[in-house]
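Examining the three-dimensional arrangement
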Amino acid sequence: MLAGHRGPEKAGQQVRVKASPNEGKPSVRRELGKIRTWRKKRVVAGAGVLAAAAALGVAAFAPAASAQPATAAQKAGHGGALSITKQSFGSTTEPYTGKLTPTYRYTLTNANGMSVDLLSFGAITQEINVPGSNGKSADVVLGFKTLQDYVANDSPPVTANGGPYFGETVGRYANRIAAGTFKLNGQTYTLPINNGVNALHGGLVGFGDHVWSQVGGLIHTSSEVGVTLQLVSPNGDSSGAAGSPGCPNGCTGYPAELTVDVTFTLNNQGQYGLHYSAHNDDAKLSTVVNLTNHSYFNLAGENSQAGSAYNQVVQINAKNYSPTDATQIPLPGLPNGVPVAGTPFNFTTPHTIGSRIDDVSAPDNTPASDSALTKGESQLLIAQGYDHNWILNKQTSGTTGPDGLNLAAHAWDPSSGRELTVWTDQPGVQFYSGNFLTGTLTGISGNTYRQGAGYTFETQHYPDSPNEPSFPSTTLAPGHTFTSSTVFAFSS
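Residues numbered from 1 in each chain as written. Predicted model: local features only at pLDDT ≥ 70, side-chain atom pairs only at ≥ 80, totals over all residues. Heavy atoms only, no water.

Looking now at the pairing of strand β16 (residues 271-280). Pairing analysis gives 9 bridges linking strand β15 (residues 258-267) to β16, with the strands arranged antiparallel. Looking at β16, one finds that V262 is bridged to Y276. Where β16 and strand β32 (residues 481-491) come together, 9 bridges link them in antiparallel fashion. Paired with L274 across the two strands is T486, which belongs to β32. (Pairing = 2+ DSSP bridges. Helix = DSSP H or I, 4+ residues; strand = E, 2+ residues; numbered from the N terminus.)

Next up on the list: the state of the cysteines. On inspection of all chains with the given rule, the structure shows 1 disulfide. A sulfur-sulfur separation of 2.0 Å characterises the disulfide bridge that pairs C247 with C251. Negative torsions about the S-S bond denote left-handed disulfides, and the value of about -110° found for C247 with C251 makes this one left-handed. As far as burial versus exposure is concerned, C247 and C251 are alike and both buried. (Disulfide = S-S within 2.5 Å. Buried < 20%, exposed > 50% of the residue type's maximum accessible area, 1.4 Å probe, protein only.)

Moving on, we get to unusual backbone geometry. Of note, the amide linkage connecting G171 to R172 takes the cis form, showing an omega dihedral of 5°. Positioned with a positive phi, S238 is a non-glycine residue whose angle comes to about 70°. Inspection of the secondary structure puts S238 in the loop between β14 (224-233) and β15. A positive phi angle is found at A256, which is not glycine, with a value near 75°.

Along the chain, the position of V211 falls in the loop between β12 (199-200) and β13 (213-220). The class of V211 is buried, set by a relative accessible area of 11%. Along the primary structure V211 and E94 are separated by 117 residues, whereas in three dimensions their C-alpha atoms are 6.1 Å apart. Every residue in contact with V211, bar those within four places of it in the chain, is listed here: T92, E94, T101, P102, T103, S120, F121 and L231. (Contact = heavy atoms within 4.5 Å.)

Attention now moves to the sheet that holds strand β25 (residues 406-412). With respect to topology, 9 strands assemble into an open sheet ordered β13-β14-β15-β16-β32-β26-β25-β20-β23, the strand pairing being antiparallel. Edge positions in the sheet fall to β13 and β23 (351-352), since each of these pairs with one other strand and no more. Pairing between β25 and strand β26 (residues 419-424): 6 bridges, direction antiparallel. Bridging across to β26, L407 finds its partner in W423.

Between side chains of opposite charge, pairing is possible as soon as their charged atoms come close. On inspection of all chains with the given rule, the structure shows 1 salt bridge. With its nearest N and O atoms 3.4 Å apart, the salt bridge here joins D387 to R176. Of this pair, D387 sits in strand β24 (residues 387-391) while R176 sits in strand β9 (residues 176-177), placing them 211 residues apart in sequence. Taken individually, D387 and R176 each receive the classification buried, so the pair is uniform in this respect. (Salt bridge = Lys/Arg side-chain N within 4 Å of Asp/Glu carboxyl O.)

Another aspect to go through is the sheet that holds strand β4 (residues 99-109). Spatial strand order, β3-β4-β5-β6-β7: 5 strands in an open sheet with antiparallel pairing. Two strands lie at the open edges of the sheet, namely β3 (83-94) and β7 (137-139), each paired on one side alone. Along the sheet, successive strands turn relative to each other by an average axial angle of 15°, direction set aside. Where strand β5 (residues 115-119) meets strand β6 (residues 124-131), 5 bridges bridge the pair, whose relative direction is antiparallel. Its bridge partner lying in β6, D117 is registered against E127. (Axes fitted to C-alpha atoms, helices over the stretch in contact; angles between N-to-C directions.)

With 61 residues, the main nonpolar core has I128, W390, F431, F457 and F490 as its most contacted residues. If you look at the next biggest cluster of nonpolar residues, it comprises 17 residues, including I124, Y150, L441 and I444. (Core = buried A, V, L, I, M, F, W, Y, C linked by side-chain atoms within 4.5 Å.)

It is worth spelling out the pairing of strand β10 (residues 181-184) at this point. Note on strand geometry: in a regular strand, side chains alternate between the two faces of the sheet. Burial along β10 is one-sided: F182 and L184 are buried, while T181 and K183, pointing the other way, are not. Pairing of β10 with strand β11 (residues 187-190), which is carried by 4 bridges, proceeds in the antiparallel orientation. Bridge pairing in β11 links L184 to Q187. Hairpin connection from β10 to β11: 2 residues lie between these consecutive antiparallel strands, with N185 at a positive phi of about 55°.

Turning to the packing of aromatic side chains, a few remarks are in order. Two descriptors summarise a pair of aromatic rings, namely the distance from one centre to the other and the angle between the planes of the rings. Scanning the entire structure with this criterion turns up 27 aromatic pairs. With a centroid separation of 6.1 Å and 80° between ring planes, the pair formed by F207 and W212 is classed as edge-to-face. The class for W212 is buried, based on a relative accessible area of 3%. Between Y455 and F457 the ring centres are 5.7 Å apart and the planes differ by 75°, which places this aromatic pair in the edge-to-face class. Across the pair, exposure class does not vary: Y455 and F457 are buried alike. (Phe/Tyr/Trp six-rings, centres within 6.5 Å; stacked < 30°, edge-to-face > 60°.)

A few words now on the side chain of S295. If you trace the backbone, S295 turns up in the loop between β18 (292-293) and β19 (296-297). Judged by its relative accessible area of 2%, S295 is buried. Excluding residues that lie within four positions of it along the chain, S295 makes contacts with T125, V141, G167, Y455, T456 and F457.

So, on to the side chain of D413. With respect to the secondary-structure elements, D413 resides in the loop between β25 and β26. Buried charge without a salt bridge: D413, with R418 as the nearest opposite-charge side chain at an N-O distance of 5.0 Å. A distance of 2.7 Å separates the side chain of D413 from the side chain of S416, its partner in a polar contact. (Lys, Arg positive; Asp, Glu negative; His and termini not counted. Polar contact = N/O pair within 3.5 Å; in protein donor to acceptor, adjacent residues only side chain to side chain.)

Read these as geometric descriptors, not functional statements.
Pasting the structure below:
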């Protein structure tokens, strides 16, 4: 049965990790030198969560610092308190009903100048505005300006890779399912093919293409603001007749009715929380579930210079990752993946995203026995960069954060001082470096998005788990509920 929350563990000291075997190389020494220089400046300034990070290539995972107290100007602009508003965002046709349906935008604001714009269409995170160390705010996620832009471009029902999925709540199954098929309930289920030869992010019409309903009133307490959005996914969701797009022989879709609630919250500590609940409403049928948020982050600001995300520094709390075949399905028989040590996938110590992304000559620890499946290609070449599942390290007292969640990743932008720490109860995180952004999409600020414009931390179960028994299960039994939480914590 699909794993839900893991119990909270006692918080403690930071975890230190050994230096990567690559860190003796000149290019890596230069990279670490830049990072240490920035750390030193942060320490002198009296700010920054990395002040305690060890030198000489030994890094410590550190939680993002709490947001600084609001300035008088920020309080004047944001009322000095938590707030949430709701406004119309236009109407679109809801695929389940075929009817024109209104959508809404919710704006969550804290007392420290941070705000989040959330759409009921696709349960999409449209904007996250975060002050930098200079006090200036920037929108740190990629997105579109209008509802029409999202409907047409975010995950359109086409068979060629589907779209960028900016900010979407992705389901019913996030990531890839090999050949769009899996066996459950004594039968084979088939899904639309929309990513090469595989099904991706729920199929042609996933959760990000639907209008979600508000459940209950707006959340507004002394500690947080937020809203709960709901989508009821019917038995047979993503089915299609023979000859329909992605379904040459017809598609059964997903089994069982599924009711999904996602509660989005923001507090004064700069923590944007996503709390998922998915209930299998069927009395007999099991189903598969894998939910995530697909926001692309750029801590310098989404309208920054092209390629700016490559200059941002990332750590991932994972000693292993899942290499894939030539179609980006995890290689079989590797429940623990392969070690990141000695490869460009080693983010146990801090590296800028761009420092090793083109090093296809470096080892990637892919088993030689799988060369036929990879067609002999480097993992970075297959994915055109990073687009893999990192298997998160077992939770310890030192990696336990908000809501008892495990540390997934930490990113920061030296130019603005903005930092992001990702906490989750999921076993993996898909780190994707925006490889398939090609300059064909116009973002919310009127600029085009290209490679290096942003990156994702998709907290989730592993890709293709329904077809790999050795992976953590994504099966949800009849009448059961899956719950999960992820927190994106920002600071500057």
